[in-house]
Amino acid sequence: MKGDLQDFQPESLSEEEGKRHDNDDDCGEIKTGVQLKHDKVVCQSKGFGVFGIFRGLVGSKSITREDVIPVLEKMKEHLISKNVAAEIAEKLCESVSLKLEGKVVGTFSGIASTVKSTLNDALVQLLLPRRRINILRDVLEAQKQHRPYVITFCGVNGVGKSTNLTKICFWLIENNFRVLIAACDTFRAGAVEQLRTHARHLNALHPPEKHGGLQMVQLYEKGYGKDAAGIAMEAINYARDGRLDIVLVDTAGRMQDNEPLMRALSKLIHVNQPDLVLFVGEALVGNEAVDQLVKFNQALADYSSKENPQLIDGIVLTKFDTIDDKVGAAISMTYVTGQPIVFVGTGQTYIDLKNLNVNAVVNALMK
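Residues numbered from 1 in each chain as written. Predicted model: local features only at pLDDT ≥ 70, side-chain atom pairs only at ≥ 80, totals over all residues. Heavy atoms only, no water.

Draft legend 1. Spotlight on empty space enclosed by the protein. Applying the stated criterion across every chain, the model contains 1 cavity of 30 Å³ or more. Around the largest cavity, the lining residues are Ser266, Ile269, His270, Gln273, Leu300, Ser304, Lys306, Pro309 and Gln310. Per-element accounting of the lining of the largest cavity gives the leading share, 3 residues, to helix 11 (residues 259-272). Residues belonging to the lining of the largest cavity are distributed by class as follows: 3 nonpolar, 5 polar and 1 charged. (1 Å grid on protein atoms, 1.4 Å probe; cavity = no way out; pocket = protein on both sides within 12 Å on 5 of 7 lines; lining within 4 Å. Points joined across faces, edges and corners; volume = space filled by probe spheres on them. Helix = DSSP H or I, 4+ residues; strand = E, 2+ residues; numbered from the N terminus. Nonpolar A, V, L, I, M, F, W, Y, C, P; charged D, E, K, R; others polar.)

Draft legend 2. Structural view of helix 8 (residues 161-174). If you check helix 8, its first and last C-alpha atoms are 20 Å apart, about what 14 residues at 1.5 Å a residue would give, namely 20 Å. Across the 14 residues of helix 8, 12 count as buried, placing the element largely inside the fold. Inspection of helix 8 places Lys161, Ser162, Asn164, Leu165, Thr166, Lys167, Ile168, Cys169, Phe170, Trp171, Leu172 and Ile173 among the buried residues, and these make up the whole buried set. Directly after helix 8, the chain includes Asn176, whose backbone phi takes a positive value near 70°. (Expected span 1.5 Å × (residues − 1). Buried < 20%, exposed > 50% of the residue type's maximum accessible area, 1.4 Å probe, protein only.)

Draft legend 3. Local environment of the pairing of strand 9 (residues 353-356). Note that strand 1 (residues 7-8) and strand 9 share 2 bridges and pair parallel. Bridge pairing in strand 9 links Phe8 to Leu356. Two strands pair when backbone bridges link them, and strand 8 (residues 341-345) and strand 9 are joined in this way by 2 bridges, in the antiparallel orientation. Bridging from a neighbouring strand, Gly345 pairs with Leu353 of strand 9. (Pairing = 2+ DSSP bridges.)

Draft legend 4. Here's a closer look at the layout of surface pockets. Space inside the largest pocket adds up to approximately 700 Å³. Surrounding the largest pocket, 26 residues form its lining, Arg132, Pro340, Ile341, Asn355 and Leu356 being those nearest its centre. Residue composition of the lining of the largest pocket, grouped by class: 19 nonpolar, 4 polar and 3 charged.

Draft legend 5. Summary view of the environment of Pro340. As for its position among the elements, Pro340 is in the loop between helix 13 (328-337) and strand 8. In this structure, the C-alpha to C-alpha distance between Pro340 and Arg132, residues 208 residues apart in sequence, is 7.6 Å.

Draft legend 6. Focus on the environment of Phe320. The residue Phe320 is located in the loop between strand 7 (314-318) and helix 13 in this model. Phe320 sits in the buried class, given a relative accessible area of 1%. As for Phe320 and Glu282, which are separated by 38 residues in sequence, their C-alpha atoms are 7.7 Å apart. Each residue touching Phe320, except ones within four places of it in the same chain, is listed here: Phe8, Ala283, Val327, Ala330, Val344, Gly345 and Leu356. (Contact = heavy atoms within 4.5 Å.)

Draft legend 7. Broad picture of the side chain of Asp250. Summarising the element assignment, Asp250 is placed in strand 5 (residues 246-251). The side chain of Asp250 sits in the buried core without any salt bridge; Arg188 is the nearest counter-charge, 5.2 Å away. Within the structure, Asp250 has its side chain in polar contact with the side chain of Ser162 (distance 3.0 Å). (Lys, Arg positive; Asp, Glu negative; His and termini not counted. Salt bridge = Lys/Arg side-chain N within 4 Å of Asp/Glu carboxyl O. Polar contact = N/O pair within 3.5 Å; in protein donor to acceptor, adjacent residues only side chain to side chain.)

Draft legend 8. Seen up close, the pattern of salt bridges. One pass over the full model with this rule turns up 12 salt bridges. Glu90 serves as the salt-bridge partner of Lys76, at 2.7 Å between the closest nitrogen and oxygen. Remark: Glu90 occurs in helix 5 (residues 86-100) and Lys76 occurs in helix 4 (residues 65-81); sequence separation between them is 14 residues. The exposure class of Glu90 is partly exposed, given its relative accessible area of 42%. Look at the salt bridges and you will find they share partners, linking Arg65, Glu94 and Glu101 into a network.

Draft legend 9. Geometry of the sheet that holds strand 6 (residues 276-282). The 9 strands are arranged 1-9-8-7-6-2-5-3-4 in an open sheet whose pairing can be described as mixed. Since the sheet does not close on itself, it has two edges, and those belong to strand 1 and strand 4 (217-220), each with one partner. Against the sheet, helix 8 engages strand 2 (149-154), strand 3 (179-184), strand 4, strand 5, strand 6, strand 7, strand 8 and strand 9, with an angle of about 170° to strand 5. (Axes fitted to C-alpha atoms, helices over the stretch in contact; angles between N-to-C directions.)

Draft legend 10. Region of interest: the packing of helix 5 against helix 6 (residues 108-126). It is the contact of helix 5 with helix 6, at a shortest axis distance of 9 Å, that shows an interaxial angle of 135°. In this view, helix 5 runs oblique relative to helix 6, as classed from their interaxial angle. Between helix 5 and helix 6 the crossing geometry is right-handed. Contact with helix 5, carried on its side by Ile88, Lys91, Leu92, Ser95, Val96, Lys99 and Leu100, involves Ile111, Thr114, Val115, Thr118, Leu119, Ala122, Leu123 and Leu126 of helix 6 and no other residues of that element. Within the contact of helix 5 with helix 6, the residues separate by chemical class into 10 nonpolar, 3 polar and 2 charged. (Parallel < 35°, antiparallel > 145°, perpendicular 65-115°, else oblique. Left-handed = near helix turned anticlockwise from the far one by under 90°.)

Put into structure tokens, the structure is as follows:
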């Protein structure tokens, strides 16, 4: 896991399969009527997925707006079924419509290629974050300033904050950074013990003798019922004095409408000014995670005393390996906040942490 993480690739057509289908005579000829309807079914069964709905546009005449409207309506329904928000599905369909209108496409593979590249370009535009996050680079920059790089994790209960924090910790250790985990979940019974167990496992994987006698992971904890903002501040000062590279701040899970806990989170962020605030959401709940993210951001803004409060900077989507091709929530979360998906969690082990790229999202959407 040294260096940048690998991209997560949902199951989809491989390039070889795509080439094989593109060269298939049954799907390459122009046909009409009953035979066309039959071939549409054949093409879908051979792996073209939703691209099959565009088969009716293949022909020798120029494609009109009237031609594409019924096809794009089906495509919009398909995207919404993949948890893409209706507004975003509308924008994607409009992009495809503009690309196809006035064109003459004589082969099925030609139209499938056009639709796929158009979707790819549209998603790149939609998912372009306002801020480019490069944690490894930013940690090195913080080192030059003789201070630790601080990441705060927040989210609702039970989404896997602590588990994914430790995956990120493992990745950072693999890149030879020393990490302090700040146990600021002072509410949930067992939260501190869970982090202590993870710290022990991580140090066993990277023992001091492999790192010049230095302990790579330390846990800073003050037990339960204490002020989380104060613990985080003490941890950051401890890391600065101990020349540790990174502080990962674990916070209590909280519902977005729990005012006292949201005020406490806002205070923690305001007092400690972390370099990065990551919202941890569960991919499995679809657009409910989008609603949680929006309300977390709103609460951080409402309960801060600053004129320009620090909000959520990026997203960690957990259980991403469980959603098959329903990747629409990932698109919606980035679209509504302008913030990037920094990591996706894809399993139970420390190495199950990946990046998400646009090509993978397009392939999954069009399955």
